[in-house]
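# Chains, contacts and geometry: an overview
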Amino acid sequence: MKSLIKVAVIALVLVAFVSCKKDSRPNYQFMPNMYESVGYETYSESDAFKNGKEGQLPVEGTIPRGHTPFDIDNTTEGYELAKATLTNKLDSTQVDFTRGKELYDIYCGICHGNKGDGQGNLVKREKILGIPSYDDVGRAITEGSVYHVIYYGKNAMGSYANQLNEEERWQVVAYVMKLKADLEK
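As the structure is a prediction and not an experimental result, all values here were calculated from the model.

According to UniProt, the feature "domain: Cytochrome c" (unreviewed entry) maps to residues 95-180 in the numbering used here. Strand forms 0% of residues 95-180 and helix 51%; the C-alpha atoms that close the span are 16 Å apart.

Structure follows, in structure tokens:
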């Protein structure tokens, strides 16, 4: 008898749950603002912020994910400082000349040439002139100077900081130094 009462109570509870659900109308929502938030246009006016605009700039000092700040300035003094003090962050086991060559061929070889002799396709076609060879006597490039030029650009060469992440820049630097050593033989 007791088990029959238990079964009846369980059946009654299940029927109560099933009978409360209607497919013809949505169920009751607790805190509907959580489900149906107010949409704002990005550049519309709003009282939510002090400047009256929805689109806000990041907080001063914000650093994007995956970005490491480069503490050397884009000045002649910064270039000389990088040339004298900056060394490759990758140790000998992390340097991959195959990867460095791929990146160099994509971004640098068109102007500097695949051998680093300053005879890339654009120079041969006379679209760009005055690209020096890596082994020119007056150049005396170092890992730091190459990294600084890749990061900020120099003269007619623009910055490649947006195209190459930090590790890729150091791979290219290692490959450029290899090309320089090969040219000086």
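In this section: the side chain of serine 145. With respect to the element layout, serine 145 can be found in helix H7 (residues 143-152). Discounting residues that sit within four places of it in the chain, serine 145 has contacts with Tyr79, Ala82 and Lys83.

Our next topic: the packing of helix H3 (residues 76-85) against H7. Look at H3 against H7: their axes get within 6 Å of each other, and the N-to-C directions meet at 140°. As judged from the angle between their axes, H3 and H7 are oblique. Where H3 crosses over H7, the handedness of that crossing is right-handed. From H3, Gly78, Tyr79, Ala82 and Lys83 reach across to H7, where they touch Gly144, Ser145, His148 and Val149. Residue classes in the contact of H3 with H7 are distributed as three nonpolar, four polar and one charged.

Under the counting rule described, the total for this entry stands at nine aromatic pairs. Every member of this aromatic cluster is reached through a ring pair, and the members are Phe70, Tyr147, Tyr151, Tyr152 and Trp170. The aromatic ring of tyrosine 79 is capped on one face by lysine 154, whose charged end is 3.7 Å from the ring centroid. Directly above the aromatic system of phenylalanine 97 lies the positively charged group of lysine 178, at a separation of 5.9 Å from the ring centroid.

Attention shifts here to a negative patch on the surface. There is a patch of like negative charges on the surface, built from Asp71, Asp73, Glu77 and Glu80. Residue placement: glutamate 77 occurs in helix H3. Residue class for glutamate 77 comes out exposed when judged on its relative accessible area of 60%.

Ranked by internal contacts, the top residues of the largest apolar core, which has 21 residues, are Leu86, Tyr104, Tyr147, Val172 and Val176. When contributions to this core are tallied by element, the ones reaching two or more residues are helix H4 (97-107), H7 and helix H8 (166-184). Ranked by residues supplied to this core, first place goes to H8 with six residues. Valine 172 has contacts with Gly100, Leu103, Tyr104, Cys108, Ile150 and Leu164, leaving out every residue within four places of it along the chain.

This structure, assessed with the given rule, holds five salt bridges. Between arginine 99 and glutamate 102 there is a salt bridge; the shortest N-O distance is 3.5 Å. One end of the pair is arginine 99 and the other is glutamate 102, both in helix H4 and three residues apart, which spans about a single turn. Residues glutamate 184 and lysine 180 are paired through a salt bridge, measuring 3.3 Å at the closest nitrogen-oxygen approach. Within this pair, glutamate 184 and its partner lysine 180 are both found in helix H8, separated by four residues, close to a single helical turn. Connected through salt bridges with shared partners, the residues Arg99, Glu102 and Glu168 form a single ionic network.

The rules we used
- Residues numbered from 1 in each chain as written.
- Predicted model: local features only at pLDDT ≥ 70, side-chain atom pairs only at ≥ 80, totals over all residues.
- Heavy atoms only, no water.
- UniProt positions renumbered as here; feature names shortened; annotations may be inferred.
- Helix = DSSP H or I, 4+ residues; strand = E, 2+ residues; numbered from the N terminus.
- Contact = heavy atoms within 4.5 Å.
- Axes fitted to C-alpha atoms, helices over the stretch in contact; angles between N-to-C directions.
- Parallel < 35°, antiparallel > 145°, perpendicular 65-115°, else oblique.
- Left-handed = near helix turned anticlockwise from the far one by under 90°.
- Nonpolar A, V, L, I, M, F, W, Y, C, P; charged D, E, K, R; others polar.
- Phe/Tyr/Trp six-rings, centres within 6.5 Å; stacked < 30°, edge-to-face > 60°.
- Lys NZ or Arg CZ within 6 Å of the ring centre and 35° of its normal.
- Patch = residues over 30% accessible without salt bridge, like charges linked within 9 Å, V, L, I, M, F, W, Y side chains within 5 Å.
- Areas by Shrake-Rupley, 256 points an atom, 1.4 Å probe, with all protein chains shown as cover.
- Salt bridge = Lys/Arg side-chain N within 4 Å of Asp/Glu carboxyl O.
- Lys, Arg positive; Asp, Glu negative; His and termini not counted.
- Charge placed at Lys NZ, Arg CZ, Asp CG, Glu CD.
- Buried < 20%, exposed > 50% of the residue type's maximum accessible area, 1.4 Å probe, protein only.
- Core = buried A, V, L, I, M, F, W, Y, C linked by side-chain atoms within 4.5 Å.

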